[in-house]
Amino acid sequence: MAPTPALRPARTTAAVATLAACALTLTACGSSDTPSGAEGGRTTEVTDATGTAVSVPAVPKRVVALSEMDLDSALTLGVEPVGLTAGRGQKGAPAYLAGKAEGIPVVGAVTGPDIEKVVQAKPDVILAGQLADKQVLKQLRTIAPTVVTIGADKSWRTSLELTGKALGRTNRAETFLDGYDGKVAALKKDLGSRAGASVSVARYSAKGTAVMQQGVFIGDVLNDLGFKRPGIQAQPGKGHSTPLSEENLKEIDADWLFIGTLDPGSSESSLLKELIGKPAYRQLDAVRDKHATVIDGSKWTSLGGPQAAVSVLDDIRKAMVK
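Not measured: the values here are computed from a predicted model.

*Asks:* Hey, could you go over the sheet that holds strand β5 (residues 106-109) for me, with residue numbers and the actual values?
*Replies:* In spatial order, the strands read β6-β5-β4-β3-β7-β8; together these six strands make up an open sheet with mixed pairing. Edge positions in the sheet fall to β6 (112-113) and β8 (146-147), since each of these pairs with one other strand and no more. Where strand β4 (residues 83-85) meets β5, two bridges bridge the pair, whose relative direction is parallel. Considered in β5, the bridge of Thr 85 is made with Gly 108.

Below, the structure is given as structure tokens:
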């Protein structure tokens, strides 16, 4: 299925008229019983990840989440968005959030939002993830207060804290982070001698293998646990992941290997069987020692978020704690 178009160059007269109406009065884009001002017009000001001051409703009622991380954060804070962005390689919400996000309309893809669909969602707050396109941001801000929630470091923790402020759920964000830190400490203790192991994380698809370096979600979680990252994984990457040829698979040679896939039809056993059939994989220590595990790429090797982080801890516990 082709991704939802990021921004259509030409729109119908009706769509443009609707967008203009939203620019003139946000109440036209709010729900009938809770206008955009929320709670009698009370607002609060937050400084988003770009340093922009944004006035948002004190208690938002209709939230649109324009990234996987925004959806994860909103659901973690007890807020069900009225619109979401499809996850990387997904038709809807990331697989690990699909059950909790069932029925929420898709208003964009990883390539960007569909402005018409955002208008139709009638938001009173838009969580814009790491969106950097100034033209698109300008259009979004004519619809509803728009908060860029993800900074250059792509930290899910910082993003959750900012989202908590934007949604009036600061205490919930702090409580979640305290709980996460407790789970990290407990897992490190239970890992024992394996707490200092080297761990590799790769993505696998029809295009081949790509390795996850520093500066992305999974790198932060593994760093929290104190794991060593072999080869180029100890360095920042230039993009989301770095493709590897089979001749360079030594870059993912480690004590433990986690391989992410976005293919919902690929079972752990079938993918491992396929990879073990490749000479380059058979030579890896983790494969020989049966320390290779196939995991859900929608949480491990995508943008991530708070629930993804806790779920990763659970996956590591299942694979490495004996």
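*Asks:* Got a sec to walk through helix α7 (residues 217-224)? Specific residues and values, please.
*Replies:* Residues Phe 217, Ile 218, Gly 219, Val 221 and Leu 222 constitute the buried set of α7. In the core, the buried residues of α7 are packed alongside α5 (156-166), α6 (170-191), β9 (199-205), α11 (297-300) and α12 (306-320). Within two residues after α7, Gly 226 carries a phi angle of roughly 80°, on the positive side.

*Asks:* Describe in detail the packing of helix α2 (residues 68-76) against α5, supporting the description with residues and values.
*Replies:* Where α2 contacts α5, the axes come no closer than 10 Å and their chain directions differ by 55°. In terms of axis orientation, α2 runs oblique to α5. In this structure, the crossing between α2 and α5 has a hand that is right-handed. Along its contact with α2, which presents Met 69, Asp 70 and Ser 73, the element α5 presents Trp 156, Ser 159, Leu 160 and Thr 163. Of the residues in the contact of α2 with α5, the class split is three nonpolar, three polar and one charged.

*Asks:* Summarise the packing of α7 against α12; cite the residues concerned and give the values.
*Replies:* Orientation of α7 relative to α12, taken along the N-to-C sense of each, is 55°, at an axis distance of 11 Å. Classified by the angle between their axes, α7 and α12 sit oblique to one another. When the axes of α7 and α12 are compared, the crossing they make is right-handed. In this structure, α7 uses Phe 217, Ile 218, Val 221 and Leu 222 to contact α12, whose residues at the interface are Ala 308, Ala 309, Val 312, Leu 313 and Ile 316.

*Asks:* I'd like a description of the pairing of β5, backed by residues and values.
*Replies:* A regular strand places its side chains so that they alternate between the two faces of the sheet. When β5 meets β6, the two strands line up antiparallel, connected through two bridges. Counted as the bridge partner of Gly 108 is Pro 113 from β6. Here β5 hands over to β6 after two residues, the two strands then running antiparallel side by side.

*Asks:* Tell me what's going on with the sheet that holds strand β11 (residues 242-244), and back it up with residues and numbers.
*Replies:* Adjacent strands of a sheet form backbone hydrogen bonds with each other and so pair up, either parallel or antiparallel. If you walk across this open sheet you meet the five strands as β11-β10-β9-β12-β13, and the pairing is mixed. In the strand order of this sheet, the two ends are held by β11 and β13 (292-296), each with one partner. Pairwise comparison of adjacent strand axes, ignoring direction, gives a mean angle of 35° for this sheet. Pairing analysis gives three bridges linking strand β10 (residues 208-211) to β11, with the strands arranged antiparallel. Its bridge partner lying in β11, Val 211 is registered against Thr 242.

Basis of the calculations
Residues numbered from 1 in each chain as written. Predicted model: local features only at pLDDT ≥ 70, side-chain atom pairs only at ≥ 80, totals over all residues. Heavy atoms only, no water. Pairing = 2+ DSSP bridges. Helix = DSSP H or I, 4+ residues; strand = E, 2+ residues; numbered from the N terminus. Buried < 20%, exposed > 50% of the residue type's maximum accessible area, 1.4 Å probe, protein only. Contact = heavy atoms within 4.5 Å. Axes fitted to C-alpha atoms, helices over the stretch in contact; angles between N-to-C directions. Parallel < 35°, antiparallel > 145°, perpendicular 65-115°, else oblique. Left-handed = near helix turned anticlockwise from the far one by under 90°. Nonpolar A, V, L, I, M, F, W, Y, C, P; charged D, E, K, R; others polar.

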